[in-house]
Amino acid sequence: MRFIRTLATSIVALSLVALLGLATAQNGVLQSVKVPYPPLIDGNAGEALWSEAPVLELETYGAGHWGAANESETTVQLRSVHTDDAVYFLARWADPTFSLDRKRWIVQDGTWVGQDQTPLREGGASTFYEDKLAFLWVIDAESIVEDESFWPTYFEPEDAPDAGYERPVKAMPDGELLDLWHFKLVRNNYTTPSQVDDQYVDDTLDAEANRNAGRKGDPGDGGYYSNAKEYTTPDGETVTGPWYYVPGNPNVYIVTHDMVERGEAVEIEDYEQLTSFAEGTRLPSVIGRPFTGSRGDIRGKDTWSDGWHTLEIGRALDTGTPDVDVVFSDLSVPYFFGVGSFDNSQIAHGVTDLIGFEFID
């Protein structure tokens, strides 16, 4: 089977029409319907405006590499609406479990350790992790590539080991650029506002120059940070353990920066207090905090019920940063993207091939 995809938003109109026709034949086209007012970004699909938008149903297929254990294959249903200045997406995907237990700290044999510390080079965490969903948008690439799949070819280069990487990384071919919308359930969904992490993928593939290769966060401040702190033992040794906890609630899945600022989550003062927690206590590994700047461009809110996630996303049509974001400046031409699904998995994911996207009145 052959898949032809464009990675350029400035290709001549004839090529765009031809490629959109192929996307229709293979995967269908997601159509965004004009609406007079925006949806409320609350993870609720019950608003009447969503029923006005056609649904595109897709199946993701496993694309795990480098020993990744969980292929995260699922069914994804997409809808889209837009206003004069913003575009919105409703994504629903099947997932039997609501995965909030992301590599938490746990007291085992009197010692704080992290759950599921499987190295990335061995496939990453897939037992204690969070659910995720990703949109990968074409920004600019001059090539039309023929291969077995859209996502793995660019997102996980086969020559990464030759570039000095010992774990899966993401990068594009020379001069090409994608916009990555990466929703992370634990880290993004419970901040105020809740968000989708706005990132991009360029052609960096040099372990000495960048340990994360091509995947980078958009410019901005804030964002989640590690719930970890160093403590000094009575013998003068240094150990690492959780930083904040919620008094009266010894098994917390999520701590946010807002909880810290209002005193709901408090700092573990010293080693004596650190070692006072009962065996089996679990505390979060990260503290959620919203991004500001370009990295905070995308609103997103997820709910889960009866084996399905429901995620609403909203973003300005034009963020003003075309060097890192797809810009929907011309509503008369198609755009292209792929979707990645992560079921309780750090790096292993299910993927779609190229999907066409168009605006309609």
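The preceding data block contains the structure.
The text that follows walks through the structure, step by step, so that each part is easy to find. These figures come from a predicted structure and were not determined experimentally.

Considering the pattern of salt bridges
Overall, the coordinates contain ten salt bridges when judged by the stated rule. Lys-216 serves as the salt-bridge partner of Asp-202, at 2.8 Å between the closest nitrogen and oxygen. Remark: Lys-216 occurs in strand β13 (residues 215-217) and Asp-202 occurs in the loop between β12 (195-201) and β13; sequence separation between them is 14 residues. A single burial state applies to Asp-202 and to Lys-216, both of which are buried.

Concerning the sheet that holds strand β22 (residues 286-288)
Reading across the sheet, the three strands line up as β15-β22-β19 and stay open at both edges, with mixed pairing between neighbours. Two strands lie at the open edges of the sheet, namely β15 (225-226) and β19 (255-256), each paired on one side alone. With two bridges connecting them, β19 and β22 associate as parallel partners. By the bridge assignment, Thr-256 is partnered in β22 with Gly-288.

Overview of the nonpolar core
Phe-135, Trp-137, Trp-181, Phe-328 and Phe-357 are the most contacted members of the largest nonpolar core, which has 36 residues in total. Not counting the four nearest positions on each side in its chain, Phe-357 is found in contact with Val-29, Leu-30, Ser-32, Ser-80, Val-87, Phe-89, Trp-137, Phe-328, Val-333, Pro-334, Tyr-335 and Phe-337.

What to know about the side chain of Gln-195
Summarising the element assignment, Gln-195 is placed in strand β12. One polar contact links the side chain of Gln-195 to the main-chain amide nitrogen of Phe-291, over a distance of 2.7 Å. If we skip the residues at most four places from it in the chain, Gln-195 touches Phe-183, Asn-188, Pro-290, Phe-291, Gly-296, Ile-298, Arg-299 and Gly-300.

Observations regarding the environment of Gln-273
Looking at where Gln-273 falls in the secondary structure, it is placed in helix α6 (residues 271-274). Aside from chain neighbours lying at most four places away, what touches Gln-273 is Tyr-245, Glu-267 and Ile-268. A distance of 3.0 Å separates the side chain of Gln-273 from the side chain of Tyr-245, its partner in a polar contact.

Here we look at the pairing of strand β25 (residues 308-316)
Burial of β25 is extensive: seven of the nine residues sit out of reach of the surface. Here strand β6 (residues 86-94) runs beside β25; their pairing, made up of nine bridges, is antiparallel. Looking at β25, one finds that Ala-91 is bridged to Leu-311.

Focus on the packing of aromatic side chains
Counted under the stated rule, the structure contains 22 aromatic pairs. Here Phe-98 and Trp-304 contribute two aromatic rings whose centre-to-centre distance is 5.7 Å and whose plane-to-plane angle is 20°, an arrangement assigned as stacked. With a gap of 206 residues between them, Phe-98 in the loop between β6 and β7 (105-108) and Trp-304 in strand β24 (residues 298-305) connect regions that are remote in the sequence. Phe-98 gets classed as partly exposed once you look at its relative accessible area, which sits at 30%. An aromatic cluster is present here, built from Phe-89, Phe-135, Trp-137, Trp-181, Phe-328, Tyr-335, Phe-337, Phe-357 and Phe-359 joined pairwise through their rings. The lysine or arginine in question, Arg-104, covers the ring of Tyr-253, its NZ or CZ lying 4.1 Å from the ring centre.

Quick notes on the rules
- Residues numbered from 1 in each chain as written.
- Predicted model: local features only at pLDDT ≥ 70, side-chain atom pairs only at ≥ 80, totals over all residues.
- Heavy atoms only, no water.
- Salt bridge = Lys/Arg side-chain N within 4 Å of Asp/Glu carboxyl O.
- Helix = DSSP H or I, 4+ residues; strand = E, 2+ residues; numbered from the N terminus.
- Buried < 20%, exposed > 50% of the residue type's maximum accessible area, 1.4 Å probe, protein only.
- Pairing = 2+ DSSP bridges.
- Core = buried A, V, L, I, M, F, W, Y, C linked by side-chain atoms within 4.5 Å.
- Contact = heavy atoms within 4.5 Å.
- Polar contact = N/O pair within 3.5 Å; in protein donor to acceptor, adjacent residues only side chain to side chain.
- Phe/Tyr/Trp six-rings, centres within 6.5 Å; stacked < 30°, edge-to-face > 60°.
- Lys NZ or Arg CZ within 6 Å of the ring centre and 35° of its normal.

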